[in-house]
Amino acid sequence: MKKFRNFSLNDKIFYVVVTLLLTAFFIMVLYPCIFVLSASISSGAAVQSGKVVLFPVDISFQGYKTVFNTPNVWVGFRNTVFYTVIGTIINVATTITAAYCLSRHDLPGRNAIMLIFTFTMFFDGGIITNYLLIQKLHILNTVWCMLLPGLISAYNLIVARTFIINTIPADLLEASQMDGCSDFTYFIKIVIPLSKAVIAVLVLFYGVGHWNSYFNAMIYLHDKSLYPLTLFLRSILMADQIDPSTITDPELQMRLSEMAGTIKYALIVVTMIPILMVYPFIQKYFVKGVMIGSIKG
């Protein structure tokens, strides 16, 4: 506050306006989260009648009980965890490998290769072309149609490549080569340990993308046993209820129509919580990795 009093009038007005705008934006982002959480632990009647505005009304955990007694939720959760973990590992491994190769000045045609990657950021073959490609590769309605499309994000590749160029000096490569270090050993023992910050950023970007992905599943998957959790969530949100035949508890089946809103919000919370729990562990690397990787392309 002492420092603020020393500012000029224009600076004071600027900081007050910016603070008010950021506060308003923060409230706009925070309110839906609080509302969804409150609605998920409120009674079905309170949610249906619109009594839930900010805080829970007639606290009840029947929505969560219904969600966890729905087999489709567990099937979707299992598939989503699989797609997220395996897909992120594959994405990060291929992206950091490609980024390292494209960061080497002695790679022939690296600028042309980088141009091809960048081209894909602006032009796409379209849904029909992609569907035909997946069909011809014989991976339609398999787990691979969720893992292989979008294997490398051009944006993430640019961030990782720029990070390696700006962070790891070329002299380090020359020194390792003089000691008899191969390119593979240099990449595994030097490049990867020094790239923890950008790897954490890639894990977050790819992980969130896989966790929230539903479009590829909606287009390429027909077997419900392969559906991710988000596709079941979409079906529930579109129908505004869970299919009664999937509920194993007879008492819950009777109260299903009244609890439709509570179930919907409970499922949204169940979908959000796992990915929110991962973020704090990589948050310390996030800003550093993005800032270094965004200095130049």
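Data block above holds the structure.
Note that residues are indexed from 1 along each chain, following the sequence as it is written. Per-residue local features of the predicted model are confined to residues with pLDDT of at least 70, and side-chain atom pairs are confined, for both listing and counting, to 80 or more; whole-chain, interface and lining totals are unaffected and use all residues. Remark: hydrogens and water are excluded; side-chain values derive from all non-hydrogen atoms of the structure.

(A) Focus on the side chain of Arg 110. For the purposes of this entry, the term helix denotes a DSSP run of H or I that reaches at least four residues, the term strand denotes a run of E that reaches at least two, and both are numbered from the N terminus. Considering the arrangement of structural elements, one finds Arg 110 in helix α6 (residues 110-119). It is Asp 106 that comes nearest to the buried, bridge-free Arg 110 among opposite-charge side chains, at 7.7 Å. In this analysis, two residues are considered to be in contact whenever any of their non-hydrogen atoms come within 4.5 Å of each other. If we skip the residues at most four places from it in the chain, Arg 110 touches Leu 102, Ser 103, Arg 104, His 105, Arg 161 and Ile 165. For the exposure calls, accessible area comes from a 1.4 Å probe over protein chains only, and a residue counts as buried if that area is under 20% of its type's maximum, exposed if over 50%, partly exposed in between. His is not counted, nor are the chain ends; Lys and Arg add positive charge and Asp and Glu add negative charge. Any carboxyl oxygen of Asp or Glu that lies within 4 Å of a side-chain nitrogen of Lys or Arg is treated as forming a salt bridge with it.

(B) Seen up close, the packing of aromatic side chains. Whether two aromatic rings pair depends on their centres lying within 6.5 Å, for rings of Phe, Tyr and Trp, where Trp uses its six-membered ring; planes under 30 degrees apart make the pair stacked, over 60 edge-to-face, and the rest tilted. Counted according to the given criterion, the structure contains 12 aromatic pairs. With centroids separated by 6.4 Å and ring planes inclined at 40 degrees, the aromatic side chains of Tyr 155 and Phe 205 adopt a geometry described as tilted. Placement of Tyr 155 in helix α9 (residues 154-167) and of Phe 205 in helix α12 (residues 196-212) is noted, with a sequence separation of 50 residues between them. Judged by relative accessible area, Phe 205 falls into the partly exposed class, the value being 29%. Each member of the aromatic cluster is reached from another via a ring pair, and the members are Tyr 31, Phe 35 and Tyr 265.

(C) Examining the environment of Phe 163 more closely. Mapping Phe 163 onto the fold places it in helix α9. Along the primary structure Phe 163 and Ser 195 are separated by 32 residues, whereas in three dimensions their C-alpha atoms are 7.8 Å apart.

(D) Representation of a nonpolar patch on the surface within the structure. A cluster of nonpolar side chains, Phe 26, Ile 27, Leu 30, Tyr 31, Val 53, Leu 54 and Phe 55, forms an exposed patch at the surface whose accessible area comes to about 680 Å². With respect to the helices and strands, Tyr 31 occurs in helix α2 (residues 9-40). For Tyr 31, a relative accessible area of 35% translates into the label partly exposed. Without a salt bridge and with relative accessible area above 30%, a residue can belong to a patch; like charges are then joined within 9 Å and nonpolar side chains (Val, Leu, Ile, Met, Phe, Trp, Tyr) within 5 Å. To measure how exposed things are, a 1.4 Å probe is used in the Shrake-Rupley method; for residues, cover is taken only from the protein chains shown.

(E) Structural detail: the side chain of Ser 42. Topologically, Ser 42 is positioned in the loop between α2 and α3 (44-48). A residue is classified by how much of its surface remains accessible, and Ser 42, at 1% relative accessible area, is buried. We define a polar contact as two N or O atoms separated by no more than 3.5 Å, with the added condition that, inside protein, one atom must be a possible hydrogen donor and the other a possible acceptor, whereas residues neighbouring each other in sequence contribute only through side-chain atom pairs. Of note is the side chain of Ser 42, whose polar atom sits 2.6 Å from the backbone oxygen of Ser 38.

(F) Seen up close, the nonpolar core. By size, the foremost hydrophobic cluster in this structure holds 23 residues, and its most contacted members are Ile 96, Tyr 100, Ile 164, Val 191 and Val 198. When residues of this core are traced back to their parent elements, those giving at least two are α5 (71-103), α9, α11 (183-194) and α12. For the purposes of this section, nonpolar cores are sets of buried Ala, Val, Leu, Ile, Met, Phe, Trp, Tyr and Cys residues that join through side-chain atoms within 4.5 Å. One finds Ala 39, Val 52, Ile 263 and Ile 268 within the second-largest nonpolar core, a separate group that totals 19 residues.

(G) Spatial organisation of the pattern of salt bridges. A full pass over the atoms with the stated rule returns two salt bridges. Measuring nitrogen to oxygen at the nearest pair gives 2.9 Å for the salt bridge that ties Arg 104 to Asp 106. According to the relative accessible area criterion, Arg 104 is buried, its value standing at 12%. Look at Asp 106 and you get exposed, because its relative accessible area is 53%. Among the ionic pairs, Arg 104 bridges to Asp 183, the shortest N-O distance being 3.4 Å. Of the two residues, Arg 104 is situated in the loop between α5 and α6 and Asp 183 in helix α11; the sequence distance between them amounts to 79 residues. Under the relative-accessibility criterion, Asp 183 is labelled partly exposed at 40%. Salt bridges sharing partners connect three or more residues here, namely Arg 104, Asp 106 and Asp 183.

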